[in-house]
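The lines below spell out each chain.
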Amino acid sequence: MRPSTDVSEPLSPAPDTSIRPALPSDAARLREVSLAADTLFATAGIELPPDDPGETLVTAGRVFVAGRPAAGFAVVTELDGQAHLAQLAVHPDLGRRGTGSALVEAVCADARERGLAAVTLTTFRDVAWNAPWYARRGFEELPESRWGPQLRAQWRVEEAAGIVVAPRIAMRRPLV
């Protein structure tokens, strides 16, 4: 069954949004969350290329998990001396209850504690739960002229992987 996007639909109780580092025992659940979250893109008319989210989770610098069992997670790397939110996923059955926001705030707090000046990300420009959602959380479009070499390289990796199937942008949230 495809997840509903009807905002009038009653919501179940809020999931556990306590944030913690990922554990090896989370791997199967995080893969499940990632694959389930990707199904939402079809509701926006976006067909993403198939991927194995386990690869991202294995190569990630930091992985933050919301709840037990995991309701969502954030994968963070570092590009050009800034934290880079490589992936944010919340299980659609547990969405719209603050899990994504809690993860973003945890990523920003961690980056601030590590002395980083900003968090960057790449996302779909016109998907409601992508660029507009991040903008409401303090992210601004980052013009290509201000991209560092590592962010440019990341963009090329995403293009080669077939992720750029709809208009995408880079965004940045300053932390100072």
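What counts as what
- Residues numbered from 1 in each chain as written.
- Predicted model: local features only at pLDDT ≥ 70, side-chain atom pairs only at ≥ 80, totals over all residues.
- Heavy atoms only, no water.
- Helix = DSSP H or I, 4+ residues; strand = E, 2+ residues; numbered from the N terminus.
- Expected span 1.5 Å × (residues − 1).
- Buried < 20%, exposed > 50% of the residue type's maximum accessible area, 1.4 Å probe, protein only.
- Arc of directions from axis to C-beta.
- Salt bridge = Lys/Arg side-chain N within 4 Å of Asp/Glu carboxyl O.
- Contact = heavy atoms within 4.5 Å.
- Phe/Tyr/Trp six-rings, centres within 6.5 Å; stacked < 30°, edge-to-face > 60°.

### Section: helix 1 (residues 27-38)
Then, number 1: Under the 1.5 Å per step criterion, the end-to-end length of helix 1 is 17 Å for 12 residues, consistent within 8% with the ideal 16 Å.
Then, number 2: All of the buried residues along helix 1 are Leu30, Val33, Ser34, Ala36 and Ala37. End-on view of helix 1: buried residues confined to an arc of 170°, all on one side of the axis.

### What to know about the pattern of salt bridges
Then, number 1: Evaluated as defined, the whole model comprises 9 salt bridges.
Then, number 2: For Arg20, the salt bridge goes to Asp26, with nearest N and O atoms at 2.8 Å.
Then, number 3: Arg20 sits in the buried class, given a relative accessible area of 10%.
Then, number 4: The residue Arg62 makes a salt bridge to Asp110 at a minimum N-O spacing of 2.7 Å. Here Arg62 is found in strand 2 (residues 62-66), whereas its partner Asp110 is found in helix 4 (residues 99-113), with 48 residues between them in sequence.
Then, number 5: For Asp110, a relative accessible area of 11% corresponds to the buried category.

### Things to note about the environment of Ala111
Then, number 1: Within the fold, Ala111 resides in helix 4.
Then, number 2: Residue classification places Ala111 among the buried positions, given a relative accessible area of 0%.
Then, number 3: Through-space distance from the C-alpha of Ala111 to that of Val76 is 9.4 Å; in sequence the pair is 35 residues apart.
Then, number 4: Ignoring anything within four residues of it in the chain, the contact list for Ala111 reads Ala83, Leu116, Val119 and Leu175.

### Brief notes about the packing of aromatic side chains
Then, number 1: Enumeration according to the criterion identifies 5 aromatic pairs in this entry.
Then, number 2: Where Trp133 meets Tyr134, the ring centres are 5.0 Å apart and the plane angle is 85°; that geometry is what we call edge-to-face.
Then, number 3: With centroids separated by 5.5 Å and ring planes inclined at 75°, the aromatic side chains of Tyr134 and Phe139 adopt a geometry described as edge-to-face. Taken individually, Tyr134 and Phe139 each receive the classification buried, so the pair is uniform in this respect.
Then, number 4: Grouping aromatic residues by their ring pairs yields a cluster made of Phe41, Phe124 and Trp129.

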